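Spelled out from the first residue to the last, the chains are:
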Amino acid sequence: MGLCGSRRQQAKERPGGSEPPAQHPDSQLLGGPIQQLLDRDQQTLGCMAMRRVGQALRPLGLSIRSQILKLGEDWIFLFLLGISMATISFGLDVVISKFQRANLWVYDALEGYLALQYFSWVLYHMGLMMVSAGVAKYISPQAAGSGIPELKVTLRGVVLSEFFTLRTGLAKLVGVVCTLAAGSTVFLGKVGPFVHMATILATQLGRVMVRVAGSSENPARKYEMLVAGAAVGVACCFVAPVGETVAVLFSTSWRVEFPYDLPELLSFALLGLVCGALCCLYLFCHRNLLLLLQDWPLSRHLLSRNQILYAGLVTLVLASITFPPGLGQYLGARLTMKELLETFFNNCTWGDRGELGGLNSSRQPSPPPVPDPWLQWSHPQLSALEMLSFFILAKFFLLLLATTMTVPAGYFLPVFVYGAGLGRLYGELVARLFPEGIVSDGIRIVITPAAYALAGAAAYSGAVTHTLSTALLVFELTGQMSHILPVLVAVLVANALSQRCQPSFFDGLIILKKLPYLPKLRVGQSGAHDIYAEDFMVTDLKFLPRRCQYKDIRGLLKSSSLKQFPLVDSQESRILLGSIRRKHLAKLLSEQLSTEKRFQYLLSQSEATSVPELVPGETGTLCAVEKAAETPEAAAEPGDGEALMEEEPGTRLSVKMKNMHHLAEQWECQQLQEQMPLEQLPIDPAPYRLLEKETLHQCYDLFNLLGLRTAYVTNVGRLVGVVGLRELKAAVEGSVKGTFARRRPHGGELQEGDLEPSGAAA
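Quick caveat: nothing in here was measured; it's all calculated off a predicted structure.

### Let's talk about helix 24 (residues 582–592)
Within the span of helix 24, buried status applies to Leu585, Leu588, Leu589 and Gln592. For helix 24, the angular spread of buried residues about the axis comes to 95 degrees, placing them on one side. The outward face of helix 24, more than 90 degrees from its buried face, is lined by the exposed residues Lys583 and Lys587.

Here is the structure:
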């Protein structure tokens, strides 16, 4: 008995024997319990009250939307983003200051009890860092680290949506508060996490503004919001927007007349060389230390499953080394990161002031509050230069150890402070070599060690991150523009050496995390101009002809996992017409083979069949019993009717299910034979294209500037290949290392995720 027959039987069994009025099959399938729930919800007073409130507020919402459109939603977005991040930055600084003062207050209150002081010092830092690691582990694993590598990859065109959720933002905020409250003991910063939080807030505000303004989202707008968020995050950290100094955080009082002589530029260039060489050593040690921890079984187990325990152990080592009565008295352990920068940018010359050590006759550094933080570098047994040398040596290894923890933290401010200390040490040595200054044209110019600290901070941090904007940053932080030329010389020399020898700090993290990102193509290499797109493109293509059937779509989706497919005119000509995203093809195919259509077909076939009993035919399709009756051999078999009458109900039900299954297969075969309607698909008519003779250098610039992940290679409009981010990356690496092998005329197959739309191609 068919589906309709069973429904008729149920209707006869109802009390009274009355049959309900005929209903549409869809209403029968969807009517029952769902309709009752909807009716019940509509009758509740809460829904009615909400509707009335919504109707009352609708005019107000429309008026607000009209005002937003008049003022411009971009201006309102930037205003809200700036105010929100400034408020978060101010509150974060206040909370961190309270934590650090509370730690020093407890430490000073336990004076005379060395064991209790050590216990309070270690417990404070371990507790904070373990909470920070726990937040990154249990609330949001994406909150660990600085977030700059993931942001670079996202701006490059690879969508990492899980890194820009509110959950990640809240975890990042709590974690970075704990990390920064640990102070200079852990020696980590807030620039990276703050930039990450600003981009998260920009993403969420962008979604709200899109809903309020009633506009549609697009990839270009998301890119602009991320860039604006990153700029706001940097500006809030340093109070230094590009091009204008709003507030000077580290004021200086250097002489402006003849601040330096031209021969002194050689000394600044030598400082840049020292910063670049030490930066290369730091980057090499950092990358290999992370690889060693990943290969060592115990550390790999701790980093993957027990991040909280690992953070506690590392912090125990750091806090023990920086304990003020111990080695911490030579490291300025009681100073915060800001106070360390203030001491390095101080205008006095430590090596020439004999009273620096006499101001502090005790064996311990001066406890706060002190009028001059640089007095923390005074000690009766060691000179300031010896303490500074020990600071540079110890912090090099302590910073390497601190960066291995999986906690929300920034890595720019530590290297910035370290570079300032390195420059200060170099400047003090130069001042000691030339105690009377440099005489040029009868003018004596005194050496300013603070200027070398300024140049060292910009050069070392710029070399670590492979950026030149750090030179502008130090000018905005200090308001000191007189040394712009020597600082730029030091930054350029350090960057030239670092970029030649090692990848940047964040590029190294991208490599270790195996994120999709293009390596840098070295300037001046002629090999990049001798390699063409046809040498590394993929020729084993998966494309979709303009006139195709639904079965072709299903076969294409099953055989390939690409995110988008090129649309060509025909199988023979291969004239590129555009590109279609995978999700649109999958949606069209699911609508063609939808469950509703399948049920409607089965119901219509059951109602139209005169004999409800159906049997499967030999070819797999369904045929009615009348077809079996037309066959003499089948009708002449004796005892068939008795056998059918004696069949068990379960056997008859399985036969019915087989009939329905074959009927569904017949319907699906008919649906797949239909032509695909192109007018129902959103087709990108102008995907990014490359020519066969496009050089590697040109392809690299296009992918970098436009944030591409794929580009089709054409020859007089004919599709001949495709270049993905994977192929371009392999070609760039081969060109840099000199191991590039041409893949003409055949190439490999694209891997999953190579063809993701980005930019205008989306």
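### As for empty space enclosed by the protein
Applying the stated criterion across every chain, the model contains 2 cavities of 30 Å³ or more. Empty space within the largest cavity amounts to approximately 120 Å³. Those elements that provide at least two residues to the lining of the largest cavity are helix 5 (73–109) and helix 6 (114–139). Considering only residue class, the lining of the largest cavity consists of 7 nonpolar, 7 polar and 1 charged. Taken as a whole, the second largest cavity spans an internal volume of roughly 60 Å³. Taken together, Leu283, His286, Arg287, Leu290, Pro503, Ser504, Phe505, Gly508, Leu509 and Leu512 form the lining of the second largest cavity. Of all the secondary structure elements, the ones that give two or more residues to the lining of the second largest cavity are helix 11 (264–295) and helix 21 (505–513).

### Some details on the packing of helix 7 (residues 148–155) against helix 21
In a pair of packed helices, the angle between the axes and the distance between the axes together describe the arrangement. One way to put it is that helix 7 packs onto helix 21 with a least axis distance of 9 Å and a crossing angle of 80 degrees. Here helix 21 runs roughly perpendicular to helix 7, going by the angle between their axes. Touching Ile148, Pro149, Glu150, Lys152 and Val153 of helix 7 are Phe506, Asp507, Leu509, Ile510 and Lys513, all from helix 21. Among the residues forming the contact of helix 7 with helix 21, the class breakdown is 6 nonpolar, no polar and 4 charged.

### Examining helix 30 (residues 696–706)
Buried within helix 30 we find Leu696, Cys699, Tyr700 and Phe703. Projection of helix 30 onto a plane perpendicular to its axis shows the buried side chains occupying an angular sector of 100 degrees, all on one side. Packing partners of the buried residues in helix 30 comprise helix 22 (533–536), strand 8 (689–691), strand 9 (710–715), strand 10 (718–724) and helix 31 (725–737). Downstream of helix 30 by one or two residues, glycine 707 has phi in the positive range, about 65 degrees.

### Quick word on the nonpolar core
In this structure, Leu188, Tyr282, Phe344, Met405, Tyr460 and Val487 are the most contacted members of the largest nonpolar core, which totals 116 residues. Take this core: its biggest share by element is 12 residues, from helix 17 (residues 412–433). When residues no more than four places from it in sequence are discounted, the contact partners of tyrosine 282 are Phe396, Leu399, Leu400, Thr403, Val415, Tyr460 and Phe505. Among the nonpolar cores identified, the runner-up in size contains 23 residues, and Leu544, Phe565, Leu567 and Leu593 belong to it.

### Here's the deal with the sheet that holds strand 10
Spatial strand order, 8-9-10: 3 strands in an open sheet with mixed pairing. The sheet is open, and its two borders are formed by strand 8 and strand 10, each paired with just one other strand. Across the sheet, the mean angle separating the axes of adjacent strands is 35 degrees when strand polarity is ignored. Note that strand 9 and strand 10 share 6 bridges and pair antiparallel. Note that in strand 10 the partner of threonine 710 across the bridge is glycine 724.

The rules behind these values
Residues numbered from 1 in each chain as written. Predicted model: local features only at pLDDT ≥ 70, side-chain atom pairs only at ≥ 80, totals over all residues. Heavy atoms only, no water. Buried < 20%, exposed > 50% of the residue type's maximum accessible area, 1.4 Å probe, protein only. Helix = DSSP H or I, 4+ residues; strand = E, 2+ residues; numbered from the N terminus. Arc of directions from axis to C-beta. 1 Å grid on protein atoms, 1.4 Å probe; cavity = no way out; pocket = protein on both sides within 12 Å on 5 of 7 lines; lining within 4 Å. Points joined across faces, edges and corners; volume = space filled by probe spheres on them. Nonpolar A, V, L, I, M, F, W, Y, C, P; charged D, E, K, R; others polar. Axes fitted to C-alpha atoms, helices over the stretch in contact; angles between N-to-C directions. Parallel < 35°, antiparallel > 145°, perpendicular 65-115°, else oblique. Contact = heavy atoms within 4.5 Å. Core = buried A, V, L, I, M, F, W, Y, C linked by side-chain atoms within 4.5 Å. Pairing = 2+ DSSP bridges.

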